[in-house]
Amino acid sequence: MTFYKYQGTGNDFVIVDNRLQTIDKNNTKRIAQICDRRFGIGADGFILLENAENVDFRMVYYNANGNESTMCGNGGRCIVAFAQFLNIIETETEFIAIDGLHKAKIEDGLVHLEMQDVSEIESFENHLFLDTGSPHHVELVTNIDTFDVKSNGSRIRYGQPYNEAGSNVNFVEQISDNHFAVRTYERGVEDETLSCGTGVTAVAIAMHNSEKTQNETIRLKTQGGELKVTFHSDTKGYNTIWLIGPAQQVFKGDIEW
């Protein structure tokens, strides 16, 4: 099996061209082995690019534990860069993922991915909860650089009301009016990742919704680099949401499936 390794602000993925349907997608144990950083290639997720009707391609995403999962924003940006590498697209595309249709474009070396509209945001005393293609808990903290993301994230991810189904957990600290530092514990990886695309999207919307900023262009500082989220807000919620950042091919190789 020929694979490609991509990273988007440190969120890394093994991506495979499966247009010929050569990969057994039921072999979740093998997918988990490939994502293992000691016994495999190592990745936060495994992505298949497949043919789809009426759009350029289909994105099939698996968490590092081998299970097919909800939408991955940085993975979506990486597969767009991969589709351009394969000459499937030029600079603009429409593709289908588990959460529906996505538009994307590549400009000045950055991949712009349009996310799904968000109409429901739940506000609680210490956090907000919303779904940006994947479920996200968003909580403000102080001293984020020394914050214990793994233990606190794990406790929230498995606790009430999320339980076994779980939620991704984002810890946020405001840097300036439209600039926020974010660290994310991802379910399925069961650890902190260097960046999470649906997570920073959720943070940007949550910070606007909770009136921490009035800006509709938000900069997000992750452990793996800078991302930007733009959106439009109205009485119905948030729409025209774009996740913007780099996506890079790191290497390619062959592995026995």
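First things first, this report covers the structure right here in the doc. Note that the structure is predicted; figures quoted are calculated from it, not measured.

Topic: the nonpolar core
Then step 1. Within the largest apolar cluster, 48 residues are counted, with the highest numbers of intra-cluster contacts made by M59 and L220.
Then step 2. In terms of residues, this core owes the most to one element, helix 4 (residues 197-209), which gives seven residues.
Then step 3. With residues up to four places along the chain from it excluded, the contact list for L220 reads H179, F180, V182, V200, V203, A204, G225, E226, L227 and V229.
Then step 4. Residues V14, V16, Y62 and A64 belong to the second largest nonpolar core, which totals 14 residues.

What about the packing of aromatic side chains?
Then step 1. Considering all chains together, one arrives at twelve aromatic pairs under this definition.
Then step 2. Aromatic side chains F3 and F251 sit 6.0 Å apart centroid to centroid with 85° between the ring planes, which places their arrangement in the edge-to-face category. Of this pair, F3 sits in strand 1 (residues 2-8) while F251 sits in strand 17 (residues 248-254); the two residues are 248 residues apart in sequence, bridging distant segments of the chain.
Then step 3. On the basis of relative accessible area, F3 is assigned to the buried category, the value being 5%.
Then step 4. Using a relative accessible area of 36% as the deciding quantity, one classes F251 as partly exposed.
Then step 5. Between Y4 and F82, the ring centres sit 5.0 Å apart and the planes meet at 50°, which makes this aromatic pair tilted. With Y4 in strand 1 and F82 in helix 2 (residues 73-85), the pair connects residues that are 78 residues apart, well separated along the chain.
Then step 6. Classification of Y4 by relative accessible area gives buried; the value is 10%.
Then step 7. Grouped by ring-pair contacts, the aromatic residues Y4, Y6, F82 and F85 constitute a single cluster.
Then step 8. Over the ring of W242 we find K105; its NZ or CZ atom is 5.2 Å from the centre of that ring.

Focus on the pairing of strand 3 (residues 45-50)
Then step 1. The buried fraction of strand 3 amounts to six of the six residues, a majority that puts the element mostly inside the structure.
Then step 2. In strand 3, alternate side chains face the same way, and those of G45, I47 and L49 on one face and F46, L48 and E50 on the other are all buried.
Then step 3. By the bridge criterion, five bridges tie strand 2 (residues 11-17) to strand 3 in an arrangement that is parallel. For F13, the partnering residue across the bridge sits in strand 3 and is G45.
Then step 4. Each parallel crossover has a hand, and the one from strand 2 via helix 1 (residues 28-35) to strand 3 is right-handed.
Then step 5. In this sheet, strand 4 (residues 57-63) lies alongside strand 3 in antiparallel orientation, the contact comprising six bridges. Following the sheet pairing, I47 is matched in strand 4 by Y61.
Then step 6. Between the antiparallel neighbours strand 3 and strand 4 lie six residues, among them N54 with a positive phi of about 70°.

Conventions adopted
Residues numbered from 1 in each chain as written. Predicted model: local features only at pLDDT ≥ 70, side-chain atom pairs only at ≥ 80, totals over all residues. Heavy atoms only, no water. Core = buried A, V, L, I, M, F, W, Y, C linked by side-chain atoms within 4.5 Å. Buried < 20%, exposed > 50% of the residue type's maximum accessible area, 1.4 Å probe, protein only. Helix = DSSP H or I, 4+ residues; strand = E, 2+ residues; numbered from the N terminus. Contact = heavy atoms within 4.5 Å. Phe/Tyr/Trp six-rings, centres within 6.5 Å; stacked < 30°, edge-to-face > 60°. Lys NZ or Arg CZ within 6 Å of the ring centre and 35° of its normal. Pairing = 2+ DSSP bridges. Right-handed = clockwise from strand over helix to strand, strands pointing away.

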